Amino acid sequence: MPFVALHAMLALAAPLLQDQVVPPPPRLPLPRPVASAPIADFNQNRIPAGRLAKGVLTLALDVVEAGYRPEGADDPVVRILALAEPGKTPQVPGPLLRAPVGTMVRLTLRNQSDSALTFSGFRQTSKADDDTVQLAARATRELTFRLDAVGTYAYWGAFKGATSVEDRLWLDSQLNGAFVVDSAGTDPAKATDRIFVISEWFHDYPDRAFESALVFNGKAWPHNERITLAQGDSVRWRFINLAAIEHPLHLHGFYYRVTRRGSLRGDSAVAPAEQFLQNMQTLRIGKTMNIAWVPTTPGNWVFHCHFASHVGSAVTLHGSPEAYTVKQAGDAMAANHADHESPGRHDMHGLVIGLHVTPSSSYRAPAVVQRRTIRLVALKLPNALAGFQTAYGFALQKGDTLPKADDLKVPGPVLELRRGEPVRILVKNAMDEYTGVHWHGLEIESYPDGVPNFSGDGAHIFPPIAPGDSFAAEFTPPRSGTFPYHSHLNELRQIGSGMYGAIVITDGPRDTTRDHVIVGGGGGVPMFDKFGPAFALVNGRRVAKPIRMFVGDTNRLRLVSIHSDELLTFRLGSDSTVERWTPLARDGADLPVALQKPGLAQIEMGPGQTADFLFVPRQAGELAVEVWISPSGQRVVQPIIVSQRRPERGG
């Protein structure tokens, strides 16, 4: 493969740059809207389109040329085809279609563009091949259909010849919208759930990296809506992924349950006994999910895709040369880019939702107590990774002597905590750049959660940790389980180069001869601009030190997936067989009994997910936990040597 050969050549030939091997060529101007095109509004999916009366929903959708500004007031406006109700401003995503089951829909589709289009998703209960509407340029079609099944759906359009949402790029990328069928008797106008459509404006080039804007409901962080919630209230969200890539969706500070899941053509309820607690779920292309959760702790929190490139500079149009911009009055979502990108700021873009949880009248801040102190030092070590890359990582400080760069560990040291025991983790930044540390999945207060310049409340906001400075993260772990910790600043570089580790919280001493932590993560930054990192490590190595087990012993495997930008697959077995294990926990929370059933020992996880399993080896020999970048990327190995225990000698 030419890509692999070039990769090897460059890795041996020269040290890597800070964020990729090969510097990117200059950016090109972006496609501009046609003259006099309206600027599309972003649609928060709160107001259903059309007119619902006497069991009939009547509506019309026009396809028009529009300008699209997915980011701030000073950022580029690009060209798209968009959907609008007649006489109204076009919207991204398109107008919300929502009505109770049994409703008869009378829809008029008008194509006011010069392109032939295909639409799908209006008649979900039909066969997929029958649920297409061909719409010639300047043509009009009338559709009548009945809503026969409750669920979360989507409708979408594309240039003629497209067969899936993945076939769309930039001009037709926003021809889509949410379609919700409620239970009988529901008034859609009074619905309290929130609907989030994920879409992407994607412009490819043959000789340089793509341009992309990834958005929730038409707008990207930091310019999108901030959502205010009340502590203790029930929250119900629906997600629809209409982008051409999957997204591991992570909620800080809380767990959620997936209550329904499906595709654009139908979904189904998840049985209550199988609704396990989780703080991340990978939403595949063209899939939907409903989640329910309760914000139990006040303060600022984020919900975001955990691929570092989906919340970083790869998915922003900011800074494009000769950008077409339009000033609009009253832009409540605008943010100051200069402030957002100044030194030490958390330069996030793309798929991020900011949350503010207001305290209940009974809330009381945790009292100051005596805490066990752990001193954790953030370090950099040049030329330590493949291709002479700089390693980022952590070391524990013991005594008064500050660890040196050579003491850096990838992954970082396992932090052994006790449930209910107050802890103070003093993070010292011994690097020459800013950082922040997130205690992923822990149900703690907002301030130490670790999102620089956002975590906290009011004037009490977590600052980025400057070079030479320290930060004390104080909290009391509320549950036993397996969790990761990692950088939450410049994630593609810092997490991708080793700035991650595992947290194990227990109720008592841990037998490390039968309780094993296996961390799959990154080992270097991307070779090319906006490419995914090509390196992976397991427990800090391409081939880790063997784990030793004995036949018949019950072992606990704590798997941590924390690659910055890739899904990882973990497989336990030999070259020819896959073993069986019993799942115990996901994301640090125990699984329901109904899900603790033995099964084949293979699992795919997104960045930040953890999974615990029980494994009992049945015979002596050599096994391995094989970890690879999904679906077919680099593979790394954690060997396991299983021995027959020698019988004890009699007295």
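Residues numbered from 1 in each chain as written. Predicted model: local features only at pLDDT ≥ 70, side-chain atom pairs only at ≥ 80, totals over all residues. Heavy atoms only, no water.

Trainee: Please clarify how the overall build of the chain should be interpreted in this entry.
Mentor: When you go through the chain residue by residue, the secondary structure sums to three helices and 45 strands. Compactness check: the chain gives a C-alpha radius of gyration of 26 Å against a globular reference of 26 Å for 651 residues, within 12% of the reference. Burial status across the chain gives 56% buried among its 651 residues. Put simply, 76% of the contacts in the chain that link residues at least 6 apart link residues at least 24 apart. (Helix = DSSP H or I, 4+ residues; strand = E, 2+ residues; numbered from the N terminus. Rg over C-alpha atoms; globule rule 2.2 N^0.38 Å. Buried < 20%, exposed > 50% of the residue type's maximum accessible area, 1.4 Å probe, protein only. Contact = heavy atoms within 4.5 Å.)

Trainee: Can you help me understand the sheet that holds strand β28 (residues 437–439) in this one?
Mentor: Strand order across the open sheet formed by four strands is β26-β33-β32-β28, with mixed pairing between neighbours. A single partner strand is all that each edge strand has here, and the edge strands are β26 (415–418) and β28. Between one strand and the next, the sheet's axes are offset by a mean angle of 25°, whatever the strand orientation. Summarising the sheet, β28 and strand β32 (residues 481–487) pair through three bridges and their orientation is antiparallel. Following the sheet pairing, W439 is matched in β32 by Y485. (Pairing = 2+ DSSP bridges. Axes fitted to C-alpha atoms, helices over the stretch in contact; angles between N-to-C directions.)

Trainee: Explain the nonpolar core here, please?
Mentor: One recurring pattern in soluble globular proteins is that nonpolar side chains are buried together. Ranked by internal contacts, the top residues of the largest apolar core, which has 30 residues, are F216, W237, F239, L249, I291, W293 and F303. If sequence neighbours within four positions are ignored, W237 has contacts with R194, F196, I227, M289, N290, I291, W293, F303 and L355. Among the nonpolar cores identified, the runner-up in size contains 27 residues, and A378, F394, F475 and I503 belong to it. (Core = buried A, V, L, I, M, F, W, Y, C linked by side-chain atoms within 4.5 Å.)

Trainee: Whenever I open this one, the sheet that holds strand β44 (residues 621–629) confuses me. Can you help?
Mentor: Two orientations exist for strands paired in a sheet by backbone hydrogen bonds: parallel and antiparallel. Judged by pairing direction, the sheet is mixed, and its five strands sit side by side in the order β36-β45-β44-β38-β42 without closing on themselves. Across the chains shown, the open sheet's two edge strands, defined by having one partner strand only, are β36 (547–550) and β42 (602–605). Ignoring which end each strand starts from, the neighbouring axes of this sheet average 20° apart. Here eight bridges tie β44 to strand β45 (residues 635–643), and the two strands are oriented antiparallel to one another. Its bridge partner lying in β45, A624 is registered against P639.

Trainee: Explain the environment of L417 to me, please; I cannot follow it from the model alone.
Mentor: Mapped onto the elements, L417 comes out in strand β26. We classify L417 as buried; its relative accessible area is 2%. For the pair L417 and P583, spaced 166 residues apart in the sequence, the C-alpha separation amounts to 22 Å.

Trainee: Looking at this structure, I do not really get empty space enclosed by the protein. What am I missing?
Mentor: This structure, assessed with the given rule, holds four cavities of 30 Å³ or more. Taken as a whole, the largest cavity spans an internal volume of roughly 90 Å³. For the largest cavity, the full set of lining residues is F42, Q44, R194, F196, F216, N217, K219, N224, E225, I227 and I353. Here the residues of the lining of the largest cavity are counted per class, giving five nonpolar, three polar and three charged. (1 Å grid on protein atoms, 1.4 Å probe; cavity = no way out; pocket = protein on both sides within 12 Å on 5 of 7 lines; lining within 4 Å. Points joined across faces, edges and corners; volume = space filled by probe spheres on them. Nonpolar A, V, L, I, M, F, W, Y, C, P; charged D, E, K, R; others polar.)

Trainee: It is not clear to me how the side chain of D612 should be interpreted in this structure. Could you clarify?
Mentor: Residue placement: D612 occurs in strand β43 (residues 610–615). Discounting chain neighbours no more than four positions away, the residues touching D612 are T482, R556, L557, R558, T582, P583, L584 and A585.

Trainee: Any chance you could explain the packing of aromatic side chains here in plain terms?
Mentor: Aromatic ring pairs are reported here in terms of the distance separating the ring centres and the angle at which the planes meet. In this structure the tally under the stated criterion is 26 aromatic pairs. Ring geometry for F122 against F145: centres 6.4 Å apart, planes inclined by 35°, an arrangement best described as tilted. Placement of the pair is F122 in the loop between β8 (117–120) and β9 (132–135) and F145 in strand β10 (residues 140–146), with a sequence separation of 23 residues. When sorted by exposure, F122 lands in the same class as F145, which is buried. Taking 6.5 Å as the distance between ring centres and 85° as the angle between the ring planes, the aromatic pair formed by Y447 and F462 counts as edge-to-face. Taken together, the positions of Y447 in the loop between β28 and β29 (456–457) and F462 in the loop between β30 (460–461) and β31 (470–475) put the pair 15 residues apart, joining distant regions of the chain. We classify Y447 as partly exposed; its relative accessible area is 22%. For F462, a relative accessible area of 1% corresponds to the buried category. Grouping aromatic residues by their ring pairs yields a cluster made of F196, F216, W237, F239, F254, Y256, W293, W301 and F303. (Phe/Tyr/Trp six-rings, centres within 6.5 Å; stacked < 30°, edge-to-face > 60°.)

Trainee: What should I look at first to understand the pattern of salt bridges in this one?
Mentor: When the charged atoms of two side chains with opposite charge come close together, those side chains can pair. Taken as a whole, this structure holds 32 salt bridges when the rule is applied. One salt bridge connects R146 with D148, and the closest N-O pair in it is separated by 3.0 Å. In this structure D148 comes out as partly exposed when scored by relative accessible area, which is 44%. A salt bridge links R510 to E416, with the nearest nitrogen and oxygen atoms 2.4 Å apart. One end of the pair, R510, is in the loop between β33 (500–506) and β34 (515–522); the other, E416, is in strand β26, with 94 residues separating them in the sequence. Of the residues examined, E416 reaches a relative accessible area of 31% and is grouped as partly exposed. Through salt bridges with shared partners, a single network forms among E416, R510, D515, R556, R558 and D612. (Salt bridge = Lys/Arg side-chain N within 4 Å of Asp/Glu carboxyl O.)

That is the geometry; function is a separate question.
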